Amino acid sequence: MDIREIAKRAKVSTATVSRAINRVPTVDPRLAKRVWKVVEEVGYYPNTQARALVSGKTRIFGLIVSEITNPFFPEIVQSFENIAVLHNYEILLTSTVHDPKRMELSVRRMIERRVEGVAVLTFGMEDSLLEHLRFRSVPLVFVDVGPRVPRVSNIRINYQHGIRQAVQHLAALRHEKIAFITGPLTLNSARARKYAFEESMHEIGMKAATEWIIEGDHTMEGGMKALAQLASLKSRPTAVMCSNDMTAVGVMREAFEFGITIPKDLSVVGFDDVRLAQFMIPPLTTVQMSQTELAKLAFKALLTEVERDTPAPNGTEDVLQTDLILRKSTALAPTSTEI
């Protein structure tokens, strides 16, 4: 079964079949409907590889994420794929697990598959990717670190807005001893969140003690270790902000082992707002960075760049807002300084 047979059965030209299958908007809707009726009746599937050879377009976007086991990333992948399907695109997905060698192999695979664009939503390790892909004129989307050059789009996260809301929320609850558990400080995003926290504290005339700022690794295990470290201090914080929700989950888990009641003894705030956050006991107060909106911005930036006749000379930029989501893991500071 080929398009000639489809054309014969639908009583249209092969060119009309080709345009209908490729969803060219100028095709007469009545003719397109006839074509798709025959396609569905006979179970025809176009040869995408052959079509790519003829058109020079694969209709494949690459999507690179850090770690698929982190609940933050599957929600991005699902949203990105949903939008891709609506636009008749496929996605080639890879997870780097923070391994530079794996990152390099992922890039090679995407180049070999002739992807039309790549969304790099890794929150780290982007420099090597830029060098591999940029000179091939492959449209790229980065988070926070995209340079102002042609074919590169940057999604800037406004970390400050949501983190400022969180700090002010804790201050309103009379917390004066607020700790912060960072992500790996090798990552630009982790450093940006730490800076946003310190700036927000400075704005309200407060400063976190050095021992209350602990470097974590964005995992539950890292959160558990950080809470144990805070609990061993002579002067303990009454509230803990975390650089991501998985760290906050680890903090809450370890607090249980120490007999620390949340939020009565210790208020906890996360960052990301993964679905798991609302099902914690108590439900986690967190700074929302919408995964769905991030995926939408990334796909839109790639699609816009692919369809452009001439690339924007300085690339493009979008801003993703963050906002505090209040739940039950924060409360008035205890009168005692002990947690």
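Look up a bit, the structure's there.
Cut-offs applied
In this numbering scheme, every chain counts its residues from 1 along its sequence in written order. Totals for whole chains, interfaces and linings use all residues, but because this is a predicted model, local features are given only for residues with pLDDT of at least 70 and pairs of side-chain atoms are given and counted only at 80 or more. Hydrogens and waters are ignored; side-chain quantities use all the structure's heavy atoms. By the criteria applied, helices consist of DSSP H or I runs no shorter than four residues and strands consist of E runs no shorter than two, each listed in order from the N terminus. Here, expected helix span is obtained from the residue count minus one, scaled by 1.5 Å. Relative accessibility thresholds used throughout: buried, under 20% of the residue-type maximum; exposed, over 50%; partly exposed, between the two (1.4 Å probe, protein chains only). Arc, as used here, means the arc of the directions from the helix axis to the C-beta atoms. Strands are labelled as partners when DSSP assigns at least two bridges between them. Here an angle of 0 to 180 degrees is reported between the N-to-C directions of two axes, which are lines fitted to C-alpha atoms, with helices fitted over the stretch in contact. Here, two residues are considered to be in contact whenever any of their heavy atoms come within 4.5 Å of each other. The pairing test for Phe, Tyr and Trp rings, Trp by its six-membered ring, is centres within 6.5 Å, and the orientation test on the planes gives stacked under 30 degrees, edge-to-face over 60, and tilted for anything in between.

Novice: Any chance you could explain helix H9 (residues 188–203) here in plain terms?
Specialist: Along an α-helix, residues three or four apart share an orientation, since each turn contains 3.6 residues. Under the 1.5 Å per step criterion, the end-to-end length of H9 is 22 Å for 16 residues, consistent within 8% with the ideal 22 Å. Within H9 the residues assigned to the buried category are Ser189, Ala190, Arg193, Ala196, Phe197, Ser200 and Met201. End-on, the buried residues of H9 take up no more than an arc of 130 degrees, which puts them together on one face. In this structure, H9 carries Tyr195 and His202 as exposed residues pointing more than 90 degrees from its buried face.

Novice: Would you take a moment to explain the sheet that holds strand E7 (residues 213–215) for this structure?
Specialist: Strand pairing in a sheet takes place through backbone hydrogen bonds and is either antiparallel or parallel in direction. In spatial order, the strands read E7-E6-E8-E9-E10-E12; together these 6 strands make up an open sheet with mixed pairing. At either end of the open sheet lies a strand with only one pairing partner, and these are E7 and strand E12 (323–325). Going from strand to strand, the sheet's axes swing by 20 degrees on average, the running direction of each strand aside. In this structure, strand E10 (residues 285–288) lies alongside E12, joined through 3 bridges in antiparallel fashion. Looking at E12, one finds that Gln288 is bridged to Asp323. In the packing of helix H8 (residues 159–172) onto the sheet, the strands contacted are strand E6 (178–182), strand E8 (239–242), strand E9 (267–272), E10 and E12, and the crossing angle to E12 comes to about 45 degrees. Strand contacts of helix H10 (residues 220–231): E6, E7 and E8, with the helix running at about 145 degrees to E7, the strand carrying the most contacts.

Novice: Could you clarify how one ought to interpret the pairing of strand E3 (residues 117–121) in this entry?
Specialist: Where burial is concerned, most of E3 is hidden: 5 out of the 5 residues are buried. Burial of E3 is two-sided: the residues Gly117, Ala119 and Leu121 facing one way and the residues Val118 and Val120 facing the other way are all buried. With 5 bridges joining them, strand E1 (residues 60–65) and E3 adopt parallel strand pairing. Counted as the bridge partner of Leu63 is Ala119 from E3. Pairing of E3 with strand E4 (residues 140–143), which is carried by 3 bridges, proceeds in the parallel orientation. Counterpart to Val118 in the pairing with E4 is Leu140.

Novice: Could you clarify how one ought to interpret the packing of aromatic side chains in this entry?
Specialist: Describing an aromatic ring pair means giving the distance of the ring centres and the angle of the ring planes. Tallied over the full model, the rule gives 7 aromatic pairs. With a centroid separation of 5.9 Å and 40 degrees between ring planes, the pair formed by Tyr159 and Phe271 is classed as tilted. On the criterion of sequence distance, the pair formed by Tyr159 in helix H8 and Phe271 in strand E9 is long-range, its members being 112 residues apart. Like Tyr159, the residue Phe271 is buried in the burial classification. A network of ring pairs unites the aromatic residues Phe61, Phe80, Tyr89 and Phe299 as a single cluster.

Novice: Quick question: what am I supposed to make of the pairing of E4 here?
Specialist: On any regular strand, side chains alternate: one points to one face of the sheet, the next to the other face. On E4, burial covers both faces: Leu140 and Phe142 on one face and Val141 and Val143 on the other are all buried. Relative to strand E5 (residues 152–158), E4 runs parallel, the two sharing 4 bridges. Looking at E5, one finds that Val143 is bridged to Ile155.

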